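# Working through the structure, step by step
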Amino acid sequence: MSRWQYFLRRLFLSIPVLVLGATATFVIFRFGPIDPAAAIVGEAATESSREAYERVREQLGLTQPVGTHYREYMTDLFTLNLGQSWVIAPGTDTLDLLLIYAPRTLWLAFWAVLIPIFIGIPLGIYAGLRANTAADYSISVFGIVWRAMPNFWLAIILLGVLSQSSSLIGIDWSSLIVDTPVTGPPDLSNLSSPSGFLAATKQILPAAIVLGSASMGSELRIARTAVLETINSPYVEAAKANGVTQRSLVWKHVLRNALVPLVPTITNEAFLLIGGSVIVEVVFGINGLGWLFFTAATNGDIPVVTALVFVFILVVVAMNLIQDLLYVLIDPRVGYEGN
Amino acid sequence: MDSPSLTDRLRDNPTPAVVWVLGLCLLLGAELSSIAGALVDAGGSVANGLDSVFGAITVDAVTAGDPTALLILGTLALLFLGVGLAVVPRVPFSLSRRIGEHLSYERRMLLDAVIVAVALGLVATVSIWAGLVDLLRVGGSPLWTGLEWLAERPNLTSRELIPNEGYQVADGTWHGTFLGLSPAVAWTLRVLVVFAYVGLWLGWLWAGYWWYRTHYRQADWTPRDDMVQRLRTHRWGQFGMVVVCLFLTMAVFAPSLGTTTAEADIYAPFSHTIEYFDDSSGEVETITVGEANQQTRSVGYEAENVGPLSYDQFDRFHPFGTLTDGKDLLTFLVHGARVSLLIGLLSVGLSAAFATMFALISAYYRGLADLVLVITGDTIMGVPRLLLLILLTVLFAETWLGSIYDGGVLLAVILAGTGWPYLWRSFRGPTLQISEEEWVDAARSYGQTPIGIMRLHMLPYLVGYLLIYSSLVLGGVILAIAGLSFLGLGITAPTPEWGRAVDLGREYVATTSWHISLIPGLLITLVVTGFNALGDGLRDAIDPKADGDIATDTESQSRGGGV
């Protein structure tokens, strides 16, 4: 099987995943233990509320026969006709909600991916190059602990420290460099101006550090292992024997090859951030997609929840495909090792 | 070559075995009453359950077609058939051979099983009809009273043996505590006794294994010796083992480790009382725990805060301080450990069972079966795990499943249902490799059934992976449970859960009541790190070739990032 056949196979396999995922959301919508119409109208005690209940059921398509409803539901989902919210923002299209809430999550995710890459990987490489020294051990332990710390705990500790920062560490966080509140969503309206960019970045930074904490630990660990593996491989020995300088050995022969396994790790980690964003957004009061999902789920806004789940599946499938594509481009061995 | 059997070897050199068994009896004896107590509890609930089950089967109910009675009868019939199927291949004689010589082997087996099932059913009916059950009850009652008597004896780690709850009178002496020691010392002593007891157990088990190896084992060397040896030099894995043992002790001995009982602290504070010495009246007064708790809250400022390692005004010692509602944090945490562990074990057991079964199926049959499993697994893994957990716990919270064990069983089922693909993905590769081995092919050509091949020739090679990944996954599951209860989902109050303690202390992180969030969080981090370390150690011990293999990327399971 050639590399591109491998990629095509992955592409085809993602179609049934999407269909099955969408079907699962339909099952939740139609047969789930929470009746979406009842959650919207509330107790159907009076005559008028019972009428309202029936009206909502009809609008949601619940009165149709299952087959017709399923067909309509699936067509709607795959044409991104995601319906509208009924409970948390009545009458707003889910797509509009997505457009309002997504940028904040994207901004958060951007920094949560970037920070681990620029801190975790260099630390891991440093530790790998100085394997089994005191520096290596302390970096490794730091990575392990950093990775095991639960996000929700790290978030509230950081929040607590930052909100009392002037008395605890002597620096007042909220007035540092630019004035920003400790919690709340970042203002993304004037990212193009330097001060606006700085404010938005500073505002998101604590949340991004928390969200990226586990990724940083993982990337640190894998960078260290990758460096260790390449540094002990025969071609590095050979290069060393040929008199290649230490500097060029590290930069050219070790680092380049060590970076290959890091690419899928970074994409994998980025995928895991979607889930973690719920807790971080809830704690830091950032009303992004995770917050939207949590609020919709706990309020029984089933139409929004099912639509969001479908969108998440879509994003994840797309990210997996990008990862496969990167794999195919970077690693010529893909597809040849059997599967 | 004929070699002496284990019995012969035992007879030749009985001393170590006898010493070991005596030591075991001693260890068991120290805790006999709590074991008897557990038996009484379990026996009582089994008897109650049986009573209610069999009470539903009456002749009238069955002839009237009552669904419950029919359901129970059907389950019983299936149970008997299962017993028959299990017994038949292990018994050397067969009735059906006389009747149906021409039938195939499988059919004869089935026939035999049905015969056994019918016989069992007849015996059961006759014994109920003839009142044999009552006879059993009469015969069992002395045993029962004996057990109950045993359960009331003190045992080594019980709260009654080393009580730590008491009061200090004006002259400074303590009353009600162990030997008049201060509650802090008495409690520390009890904790030390518990851990020493567990340590003795572990040491004794290790000694038993070692003696077995040196005195009784036939082979001088087995591959498992190498695994043990690798683990003995694996410091990181040993660290994990210690942490996991501490956590397990915490969960198992929760009633002894708490400074007070769960009933008094968490579930029914207003139906329990404590005595304290009132300085103003100069007398010993009685107050309900609930009322006392209202005056020992930790809510962020000096006047209302009971920090770690301090006494409150009712002379109660709080090693970890109190919660926002005045309850003891340590008692909350040790019982929370129990809840986490139970749900964790249940869900990991379930998902490991699913994952193993599916891995065997997909490796043995491949093709379509494999493809279907790949797509199902990919779909489940396609939704970020925490979002799926939030969605499902919210969806099913109001159903009957959500009410068992304060949502714990539901949570375990959901965790298993969403967690098996991750395990399955880790098992699939090794299983595929095993299925290509020659012995599998050989077994197939000898006419071994697919289930037989999977069970006898493939499953044993998966056990190592099962251990490694279960350990790695358990840490992640404990994190997920804590994360959900932090969000107010999953396990509902009053059942204690670590994540809820973190949530309760959320507003007080930077105040004098910092302990409420900080201590549970540190414990979660430590336990998760411990399970990770144990998993790493087991992996290096069982499968040293996989060491440092970047492709085995199952680490995403037990990391803090998901929650």
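## A word on the overall build of chain A
Across its full length, chain A holds 14 helices and 0 strands. Secondary structure elements in chain A, listed N-terminal to C-terminal, are α-α-α-α-α-α-α-α-α-α-α-α-α-α. For chain A, the spread of C-alpha atoms along the principal axes amounts to about 90 × 65 × 35 Å. Looking at chain A as a whole, 37% of its 339 residues are labelled buried.

## Overview of the overall build of chain B
Of the regular secondary structure elements, chain B holds 23 helices and 6 strands. If one aligns the C-alpha atoms of chain B with their principal axes, the spans along those axes are about 95 × 65 × 60 Å. Within chain B, the proportion of its 563 residues that are buried is 37%.

## With respect to the packing of helix 21 (residues 463–486) of chain B against helix 23 (residues 515–542) of chain B
Residues and elements named next belong to chain B. The N-to-C vectors of helix 21 and helix 23 enclose an angle of 170 degrees; their axes lie 8 Å apart at closest approach. Accordingly, the angle class assigned to the pair helix 21 and helix 23 is roughly antiparallel. Contact residues: helix 21 offers Gly464, Leu467, Ile468, Ser471, Leu472, Leu474, Gly475, Ile478, Leu479 and Ala482, while helix 23 offers Ile524, Val527, Val528, Phe531, Asn532, Leu534, Gly535, Leu538, Arg539 and Ile542. Taken together, the residues of the contact of helix 21 with helix 23 sort by class into 14 nonpolar, 5 polar and 1 charged.

## What to know about the packing of helix 9 (residues 194–231) of chain A against helix 11 (residues 246–258) of chain A
Residues and elements named next belong to chain A. One way to put it is that helix 9 packs onto helix 11 with a least axis distance of 8 Å and a crossing angle of 130 degrees. In this view, helix 9 runs oblique relative to helix 11, as classed from their interaxial angle. When you trace helix 9 past helix 11, the crossing you get is right-handed. On helix 11, the residues touching Ala223, Ala226, Val227, Thr230 and Ile231 of helix 9 are Val254, Asn257 and Ala258.

## Considerations on the nonpolar core
Counting residues in hydrophobic clusters, the biggest one holds 170 residues, and the most contacted among them are A:Ala155, A:Phe293, B:Leu333 and B:Ile390. Counting residues per element, this core draws most heavily on helix 15 (residues 329–365) of chain B, at 17 residues. Excluding its chain neighbours within four sequence positions, the residues that come into contact with A:Ala155 are A:Val210, A:Ile279, A:Val280, A:Val283 and A:Phe284. Of all hydrophobic cores here, the second largest spans 5 residues; its members include B:Val88, B:Ala113, B:Val116 and B:Ala117.

## A look at the pairing of strand 3 (residues 273–278) of chain B
Residue and element names in this part refer to chain B. Where strand 3 and strand 4 (residues 283–288) come together, 6 bridges link them in antiparallel fashion. Looking at the pairing, Asp278 lines up with Glu283 of strand 4. Between strand 3 and strand 4, which follow one another and run antiparallel, lie 4 residues, and Gly282 among them has a positive phi close to 70 degrees.

## Some remarks on the interface of chain A and chain B
It is common to report an interface's size as the accessible area lost on association of the parts. The interface of chain A with chain B comprises 54 residues on the first partner and 42 residues on the second. Those elements giving two or more residues to the side of chain A that touches chain B turn out to be helix 1 (3–31), helix 6 (134–148), helix 7 (151–163), helix 9, helix 12 (262–284), helix 13 (289–298) and helix 14 (302–330) of chain A. When residues in the side of chain A that touches chain B are grouped by element, the largest group, 10 residues, is from helix 9 of chain A. Of the residues that constitute the side of chain A that touches chain B, the class distribution is 37 nonpolar, 15 polar and 2 charged.

## Quick notes on helix 23 of chain B
With 28 residues, helix 23 of chain B ought to run about 40 Å at 1.5 Å a step, and its terminal C-alpha atoms sit 40 Å apart, in line with that. Of all 28 residues making up helix 23 of chain B, 25 are buried, and the element is well covered by its neighbours.

## Here we look at the environment of B:Thr492
Residue and element names in this part refer to chain B. Its place among the elements puts Thr492 in the loop between helix 21 and helix 22 (498–504). Between the alpha carbons of Thr492 and Asp406 there is a distance of 5.7 Å; along the sequence they are 86 residues apart. Apart from the residues lying within four places of it in its own chain, the contact partners of Thr492 are Asp406 and Gly407.

## Things to note about the environment of B:Thr511
All names here are of chain B. When you line up the elements, Thr511 lands in the loop between helix 22 and helix 23. Looking at Thr511, the number of C-beta atoms within 10 Å reads 17, which means it is partly exposed. For the pair Thr511 and Gly300, spaced 211 residues apart in sequence, the C-alpha separation works out to 5.1 Å.

## Focus on unusual backbone geometry
Going from B:Ala493 to B:Pro494, the amide bond is cis rather than trans, its omega being 5 degrees. Residue placement: B:Pro494 occurs in the loop between helix 21 and helix 22. Even without being glycine, A:Leu80 reaches a positive phi, approximately 60 degrees. One can find A:Leu80 in the loop between helix 4 (66–78) and helix 5 (94–129). Since 13 C-beta atoms lie within 10 Å of it, A:Leu80 is described here as partly exposed.

## Re the confidence of the model for chain A
The pLDDT averaged across chain A works out to 84; a share of 96% of its residues lies at or above 70. Highest mean pLDDT in chain A belongs to helix 13 of chain A (91); lowest belongs to helix 8 (residues 165–168) of chain A (76).

## A look at helix 15 of chain B
The terminal C-alpha atoms of helix 15 of chain B, which comprises 37 residues, lie 52 Å apart, in line with the 54 Å expected from a rise of 1.5 Å per residue. Immediately downstream of helix 15 of chain B, the backbone of B:Arg366 shows phi near 50 degrees, a positive value.

## Side note on the confidence of the model for chain B
Detailed reading of the predicted coordinates is not advisable wherever pLDDT is low. On average, chain B scores 85 in pLDDT, and the residues at 70 or more come to 91%. Note on residues 547–557 of chain B: pLDDT is under 50 here. Beyond four places in sequence and across chains, it has 21 contacts.

Cut-offs applied
- Residues numbered from 1 in each chain as written.
- Chains lettered and ligands numbered in written order.
- Predicted model: local features only at pLDDT ≥ 70, side-chain atom pairs only at ≥ 80, totals over all residues.
- Helix = DSSP H or I, 4+ residues; strand = E, 2+ residues; numbered from the N terminus.
- Buried ≥ 20, exposed ≤ 12 C-beta atoms within 10 Å, placed from the backbone.
- Axes fitted to C-alpha atoms, helices over the stretch in contact; angles between N-to-C directions.
- Parallel < 35°, antiparallel > 145°, perpendicular 65-115°, else oblique.
- Contact = placed C-beta atoms within 7 Å.
- Nonpolar A, V, L, I, M, F, W, Y, C, P; charged D, E, K, R; others polar.
- Left-handed = near helix turned anticlockwise from the far one by under 90°.
- Core = buried A, V, L, I, M, F, W, Y, C linked by C-beta atoms within 7 Å.
- Pairing = 2+ DSSP bridges.
- Expected span 1.5 Å × (residues − 1).
- pLDDT = per-residue confidence, 0-100.

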